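Observations on the three-dimensional arrangement
Residues per chain are reported as follows:
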Amino acid sequence: MSTIEPEFFMRRALDLARTVWGTTHPNPMVGAVLVEEGKIVGQGATSPDGGPHAERLALLDRGKKPRAGATLYVTMEPCSTEGRTGACTDAIIASGLKHVVVGTIDPNPVHAGRGLKKLQAAGIEVTCGILEADCCDLNLIFNHWITTGSPLLAAKTATTLDGRIACRTGDSRWITGEVSRADVMKWRRLFPAIAVGAGTLMHDNPRLTSRIEGADEWCPVRFVFDGLLRTVNDKTLPSVYSDEFRDRTIVVTTSHGGMGYVRKLRDLGIEVWVLPSDSHRVMLPDFRKKCAENGITGVYFEGGSDLLSLLLRDAQIDYMFSYRAPMMFGDDRAKPMMKGLRTEKLANAVRLTDARHAVLGDDMLTRGRVVYPEKLVVDETVFGLR
C-alpha cells in the first residue's frame, strides 16, 4: 500500500469527524471510513454522547460484512471498553476485518494502546500514525480533559501587528476581517463555553453565540466575569441577561458584588457562581475547579484585556488563538492585548508549542498550546498589588 492511499482515506475520515464539530462532548470527534478495493463503502462519525461511535456506524453503513481485503480507517484508536455502546474493537473483530488504519492512539492513559493490542491479538493488522498530528489536533478539548481532568482554558485575541486590540479611544470594530470573524464563530461552536469580562460586556454588549451561515444559531454556556457585578447596575441590562438564551448565561463573581445583585440575576433566570476571594477578582483556579465539577470541558475566553491578563498572570491559559490583522497603530496608549508581566529575558517568555498557522483573508491566525517559563515575574503595579 502506498502512503498516498492511507492519507487520502484518513483525510476523508477527518472530514467526517468535522461534520459533528462541537456536538460530541465529553467524547472526542471521530470519523471512520470502510474501504474495499480502493472505494469507500461505509462511513460514520461519532454520535452525540450516548450514541454509537464512528466505527460501528461505518460498519452499519456497509449493510453487510466487509469483503476480504477491506480496510477500516479511523481517526482515533477504537475503544476497547463496553461503555453504553459496546466496545468498537469487538464490532471490528466480529466484522471479519483484517486491516485497520488508525490516526492517533487514544490519549486516555487508562485506554491508550489497549484497543490496538486487542485488535492485533485477534489477528488484525494495525497501522497507526497516519496524519497523526491532524488527528490529535482535531480533539484539543477532549485530549486536555481526559489527561488532566481539567477544562481546556483557551484565550482568543484579535490584534494589530504591534499587538493592540483597540485604539486609545476604544475604537476596535473591526480590527480583523470577515474571514477571521467567521473562523471565530467556528471555534465558538466547538467550545462548550465562552467567557468575557464585565468591561467587554458593557462596552460591546456581545451576543456570545455562534452564528454560522447555513446553520442554526448556537449558544454555548456564556460566562461573564464580574467580581463587583457592575454589569447588573445598569438601567439597560446586557442582552445575555435578557435574550432567549439567558438560561445559558452564568455570572462568575465574588462576595464583594453584593447579594442584592445576585438575587436580581437569579430572579432573571441567570445562574450565578459566587466564588471565594479576598478581593473583587475571581480566583481563576477556583473557576477551573468549578467547571470541572460541572462537566464543562473547555472555555473559550474572548477578553477583554484585563481578564486575559489575569489569566496570563496566573498561568491559567492552556491554549491560545491569536488573530493578527495587517495594520499597526504605533501608539503606546492604544489598548494592549495583554499586560502585567516583567519579561526581562527571552528565556522567560511565554511560548506556544505545536503551533499552527492559517491565512484568513488578509489576516493570520496562530494557535497553539501555551508553555510557561519556570517562573513568571509579575509587574505588581499593573494589578494593584503594590
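Provided above is the structure to which this section pertains.
In this report, we go over the structure that sits alongside the text. Each residue is numbered by its place in its chain's sequence as written, counting from 1. Totals for whole chains, interfaces and linings use all residues, but because this is a predicted model, local features are given only for residues with pLDDT of at least 70 and pairs of side-chain atoms are given and counted only at 80 or more. Only heavy atoms go into the side-chain values, all of them from the structure, while hydrogens and water stay out.

**Details of the overall build of the chain**
We count it as follows: Strands here are runs of E lasting at least two residues and helices are runs of H or I lasting at least four, both read from the DSSP assignment and numbered beginning at the N terminus. Based on C-alpha atoms, the radius of gyration is set beside the globule rule, defined as 2.2 Å times the residue count to the power 0.38. Between buried and exposed lies partly exposed: a residue is buried under 20% and exposed over 50% of the maximum accessible area for its type, with that area taken using a 1.4 Å probe on protein chains only. We call two residues in contact when some of their heavy atoms are within 4.5 Å. Where accessible areas are quoted, they stem from the Shrake-Rupley method and a 1.4 Å probe; at the residue level, only the protein chains shown are allowed to cover.
Within the chain, the secondary structure is distributed over 11 helices and 16 strands. For 386 residues, the compact-globule estimate of 2.2 N^0.38 gives 21 Å, and the C-alpha radius of gyration of the chain, at 23 Å, lies within 12% of that figure. Overall size of the chain, expressed as C-alpha extent along the three principal axes, is 70 × 45 × 40 Å. By the burial criterion, 49% of the 386 residues in the chain qualify as buried. Sequence-distant contacts in the chain: of pairs separated by 6 or more residues, those separated by 24 or more amount to 71%. About 18400 Å² of surface is accessible on the chain, with carbon and sulfur atoms providing 51% of the total.

**A look at the packing of helix α3 (residues 88-95) against helix α4 (residues 114-121)**
Formally: Orientation is described by axes fitted as lines to C-alpha atoms, over the contacting stretch for helices, and by angles from 0 to 180 degrees between their N-to-C directions. When describing relative orientation, an angle under 35 degrees is termed roughly parallel and one over 145 degrees roughly antiparallel, while 65 to 115 degrees is termed roughly perpendicular and anything else oblique. Left-handed describes a crossing in which the near helix is turned anticlockwise from the far one by less than a right angle; the clockwise case is right-handed. Just so you know the grouping, Ala, Val, Leu, Ile, Met, Phe, Trp, Tyr, Cys and Pro go in nonpolar, Asp, Glu, Lys and Arg go in charged, and all remaining residues, Gly too, go in polar.
The N-to-C vectors of α3 and α4 enclose an angle of 20 degrees; their axes lie 10 Å apart at closest approach. The angle between α3 and α4 places the two elements in the roughly parallel class. Judged by the twist between their axes, the crossing of α3 over α4 is right-handed. Residue-level contacts link Thr89, Asp90, Ile92 and Ile93 of α3 to Gly115, Lys118 and Leu119 of α4. In the contact of α3 with α4, the residues fall into 3 nonpolar, 2 polar and 2 charged.

**Overview of helix α7 (residues 178-190)**
Keep this limit in mind: Each helix should span, by expectation, one fewer than its residue count multiplied by 1.5 Å.
The end-to-end C-alpha separation of α7 is 19 Å, in line with the 18 Å expected for 13 residues at 1.5 Å each. Among the residues of α7, those classed as buried are Ser180, Asp183, Val184, Met185, Trp187, Arg188, Arg189 and Leu190.

**With respect to the packing of aromatic side chains**
Inclusion rule: Here is the rule: rings of Phe, Tyr and Trp (six-membered ring for Trp) pair when centre to centre is within 6.5 Å. Planes less than 30 degrees apart are stacked, more than 60 are edge-to-face, and the remainder are tilted. Charge-over-ring contacts are defined here by two conditions on Lys NZ or Arg CZ: a distance within 6 Å of the ring centre and an angle within 35 degrees of the ring normal.
This structure, assessed with the given rule, holds 14 aromatic pairs. Judged by centre distance (5.1 Å) and plane angle (55 degrees), the ring pair of Phe223 and Trp273 falls under tilted. Note that Phe223 is positioned in strand β9 (residues 221-225) and Trp273 in strand β11 (residues 271-274), a separation of 50 residues in sequence. Both residues of the pair, Phe223 and Trp273, count as buried. Ring pairs connect the aromatic residues Trp21, Trp187, Phe191, Tyr300, Tyr319 and Phe321, which therefore count as one cluster. Between Arg189 and the ring centre of Trp218, over which it is positioned, the NZ or CZ distance is 4.0 Å.

**What about the sheet that holds strand β15 (residues 351-360)?**
Quick note on the threshold: Should DSSP find at least two bridges between two strands, the strands are taken to pair.
Overall, mixed pairing links the 9 strands, which are arranged β11-β10-β9-β8-β12-β6-β13-β16-β15 in an open sheet. Taken across any chain shown, the strands that pair with only one partner, and hence form the sheet edges, are β11 and β15. Averaged over neighbouring strand pairs, the angle between their axes works out to 20 degrees when direction is ignored. As defined by bridge partners, strand β10 (residues 249-253) adjoins β11 across 4 bridges and the pair is classed as parallel. The partner of Thr253 across the bridge, within β11, is Val274. Helix α6 (residues 140-148) contacts β6 (152-159), β12 (298-301), β13 (319-324) and β16 (363-371) of the sheet and is inclined by roughly 145 degrees relative to β6. Most of the contacts of helix α10 (residues 284-293) go to β9, to which it runs at about 160 degrees, and overall it touches β6, β9, β10, β11 and β12.

**Observations concerning the packing of helix α2 (residues 54-62) against α3**
Direction vectors running N to C along α2 and α3 enclose 30 degrees, while the axes themselves pass 9 Å from each other. The orientation of α2 relative to α3 falls into the category roughly parallel. Relative to α3, α2 is oriented so that their crossing is left-handed. Only Cys88, Ala91, Ile92 and Ser95 of α3 make contact with α2, whose side of the interface consists of Glu55, Arg56 and Leu59. Taken together, the residues of the contact of α2 with α3 sort by class into 4 nonpolar, 1 polar and 2 charged.

**Re the sheet that holds strand β4 (residues 99-104)**
Across the sheet, which stays open at both edges, the 5 strands sit in the order β2-β1-β3-β4-β5 with mixed pairing between neighbours. Every interior strand has two partners, whereas the edge strands, β2 (39-45) and β5 (125-128), have only one. Within this sheet the neighbouring strands show an average axis-to-axis angle of 20 degrees, counted without direction. Bridge count for strand β1 (residues 31-36) against strand β3 (residues 71-76) is 4 bridges, and the pairing is antiparallel. Paired with Leu34 across the bridge in β3 is Leu72. Against the sheet, α2 contacts β1, β2 and β3, and its axis sits at roughly 135 degrees relative to β2.

**What to know about the pattern of salt bridges**
Which entries qualify depends on this criterion: By definition, a salt bridge exists where a carboxyl oxygen of Asp or Glu is found within 4 Å of a side-chain nitrogen of Lys or Arg.
Counted by the stated rule, this structure contains 22 salt bridges. In this structure, the salt-bridge partner of Glu37 is Arg67, at a minimum N-O distance of 3.8 Å. Here Glu37 is found in the loop between β1 and β2, whereas its partner Arg67 is found in the loop between α2 and β3, with 30 residues between them in sequence. Between Arg207 and Asp243 there is a salt bridge, with the nearest N and O atoms lying 3.7 Å from each other. Placement of the pair is Arg207 in the loop between α8 (198-204) and β9 and Asp243 in the loop between β9 and β10, with a sequence separation of 36 residues. Given a relative accessible area of 26%, Arg207 falls into the partly exposed group. Of the residues examined, Asp243 reaches a relative accessible area of 8% and is grouped as buried. Residues joined in a network through salt bridges with shared partners are Arg11, Asp134, Asp137, Arg356 and Arg367.

**Some points on the side chain of Ser309**
The test is simple: Pairing of N or O atoms within 3.5 Å defines a polar contact, subject to two protein rules: one partner must be a possible hydrogen donor and the other a possible acceptor, and residues neighboring in sequence count only if both atoms are side-chain atoms.
Within the secondary structure, Ser309 is located in helix α11 (residues 305-313). Relative accessible area serves as the criterion here: at 1%, Ser309 is assigned to the buried category. Polar side-chain contacts of Ser309 include one of 2.7 Å to the backbone oxygen of Ser305.

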